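# Breakdown of the fold
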Amino acid sequence: MRRLLAALGCSVLILATDLPAQQTQTSPNPLAGIDTFITTVMDEWKVPGLAVAVVQNGDVILSEGYGYRDLDEQLPVTSNTLFAIGSSSKSFTVAILGMLVDDGLLDWDEPVQTYLPDFRLMDPVATQQMTPRDLVTHRSGLPRHDLVWYGSGLTRAEMYQRLRYLEPNEEFRAVWQYQNLMYMTAGYLAGQVTGSTWEALVRARIFQPLRMGRSNTSVHDSQMTDDFAYPYAKMGETVHQIDFRNIDEIGPAGSINSSASAMIRYVQLLLQNGKYGEEQLLSEANARQMQTPQMAMSRPIRYQELGHTSYGMGLFITTYRGELLVHHGGNIDGFSALLSFMPHDSVGVIVLTNLSSSPVPTIVTRGIYDRILGLPPVDWSGLTRERLAENEGRERAGAEPVAGTSLSHELIEYAGEYGHPAYGVITITVDGERLRARYRDHSTPLEHFHYDVFELPENPRIPFSGIRVLFRYNKAGTIDQLLVPLEPAIDDILFTRIEESEPEQD
């Protein structure tokens, strides 16, 4: 799941559709030399393209594109180039719910079942007591369970119905655990309450009043425009273009696509507590709730420049070098983004890139804040490389296979279909002298590890590669279960063999 969840500067063509309302520079310029800094970081981390915008005291002081949105055709990034913003979309969903609360259609603390009587989770307490506030504060008791939606082809309604089959690993409201499916449910709730859809609400109540005309909620729509970034991923030290990942059905958790020049308007809305221009789009009370800690996050502080982190509603809350910082990142196949702002300093930053799982949005954002705050810069590139090297070392340390073991059954006896009510079906076939597993659109060989344990070889294109699966047999000696670690926070997911229907007799 690590993969799901990592250039040259160019002049910017500003299109009127996304042109920020104000664009001035202060004197002296706190961002002098920023172009060199950004292009150096991009080159070091092999980022094809990047767009950035900065607002300070109500004025946009930077709105630029760097590198390429299309490496093959050498098409430059502009401040209007569309990028997938991933989970930075989550605060949009919270803003929509807040607007519905302002309208009297929702109450943050009323049970979800008041609005969706068929809402069900495996935990009966969570089922009865879950509120809209719980949906957007990551305290459902469920771990991520991302492979329920990632590449599943399920509709939003189908995913909603499968929530009841997902095992929790914590008590309801006990701890903070990131959970995309609860955000999907929040968007589904908004659509059901209004007789509309999450997509239509975002367009009408955020995109239109903020004049984010080219922003959209589907990568399909992005590709219909004349200025969009292609997705890229690193394989080893080489960058390759990859396919767009359509996540429309999980959309409220992360399917928005936008540009730096448009997103900085949204950052201004958050900085101004729900107000843009003369219009209060979201009540100040609900805008402030988004930026107010709702759940503590029990994470140690690694760097002295950063403070403890809590989660508001669709936004993380921490400090950076002593200043309050509110932010949310986003990662989806081929794109990494970071939305952030410092409320007490009246400054906000949006950084968009077209490379998977890249630390560059964070590195660039912190470099910008260092300059605006007038503080000596921190070598975040170097510190990030040290951390990634440590993580890689830990990941490589694993159990060795037990020597001299063999399978308990003939290879053909492992073949068949194995199902789970939420995760779907895994098909096992014999491929020459080994097994092969097919799950949704992915097919991978299974290498024997030891006993009845098989290992999936590492493959950056397959989100569940590198794991080990276990086959189990019943008292009759028949292989009837497959255990797969698709969610690391709980025990392996149990897939049960699907028995073939016997042919009808004449």
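Up top you'll find the structure we're talking about.
Residues numbered from 1 in each chain as written. Predicted model: local features only at pLDDT ≥ 70, side-chain atom pairs only at ≥ 80, totals over all residues. Heavy atoms only, no water.

### Section: the side chain of Glu487
Put simply, the rule is: What counts as a helix is a DSSP run of H or I of at least four residues, what counts as a strand is a run of E of at least two, and both are numbered from the N terminus. Only protein chains enter the accessibility calculation, which uses a 1.4 Å probe. A residue is then buried if its area is under 20% of the maximum for its type, exposed if over 50%, and partly exposed in between. All tallies of charge rest on Lys and Arg as positive and Asp and Glu as negative; His and the ends of each chain are not included. Any carboxyl oxygen of Asp or Glu that lies within 4 Å of a side-chain nitrogen of Lys or Arg is treated as forming a salt bridge with it. Counted as a polar contact is a pair of N or O atoms within 3.5 Å, where, for protein atoms, one must be capable of donating a hydrogen and the other of accepting one, and residues adjacent in sequence contribute only when both atoms are in side chains.
Counting through the fold element by element, Glu487 comes out in the loop between β22 (479-484) and β23 (493-497). Among buried Asp, Glu, Lys and Arg side chains, Glu487 stands out as unpaired, with Arg144 the closest opposite charge at 6.1 Å. Only 3.4 Å separates the side chain of Glu487 from the backbone nitrogen of Arg144, close enough to count as a polar contact. A polar side-chain atom of Glu487 sits 3.0 Å from the main-chain amide nitrogen of Ala489.

### Regarding empty space enclosed by the protein
Note the following rule: Both cavities and pockets are sets of points on a 1 Å grid over the protein atoms alone; in a cavity a 1.4 Å probe fits but cannot get out, in a pocket the set is open with protein on both sides within 12 Å along at least five of seven lines, and lining residues sit with an atom within 4 Å of a point. Grid points are joined across faces, edges and corners, and a volume is the space filled by probe spheres set on the points.
Empty space within the largest cavity amounts to approximately 100 Å³. Of all the secondary-structure elements, those providing two or more residues to the lining of the largest cavity are β17 (424-431), β18 (434-439) and β22.

### What to know about unusual backbone geometry
A positive phi is found at His138, a non-glycine position, where the angle reads about 60°. Tracing the backbone through its elements, the reader meets His138 in the loop between α4 (132-135) and α5 (156-162). In this structure His138 comes out as buried when scored by relative accessible area, which is 2%. A positive phi angle, near 55°, is found at Arg321, a position not held by glycine. Its place among the elements puts Arg321 in the loop between β12 (316-320) and β13 (323-332).

### Side note on the nonpolar core
Burial of nonpolar side chains together is a common tendency in soluble globular proteins. The cut-off we apply is this: Side-chain atoms within 4.5 Å link the members of a nonpolar core, which is a set of buried Ala, Val, Leu, Ile, Met, Phe, Trp, Tyr and Cys residues. By the convention used here, residues are in contact when the closest approach between their heavy atoms is within 4.5 Å.
Formed by 112 residues in total, the largest nonpolar core has its most connected members in Phe92, Ile206, Tyr266, Tyr423, Phe471 and Leu486. In terms of residue count, helix α9 (residues 260-271) provides more of this core than any other element does, 9 residues in total. Once residues lying within four places of it in the same chain are set aside, the contact partners of Phe471 are Tyr414, Tyr418, Ile428, Leu435, Leu446, Asp452, Phe454, Ile479, Gln481 and Leu482. In this structure, Ile38, Val347, Ile363 and Ile372 belong to the second largest nonpolar core, which totals 31 residues.

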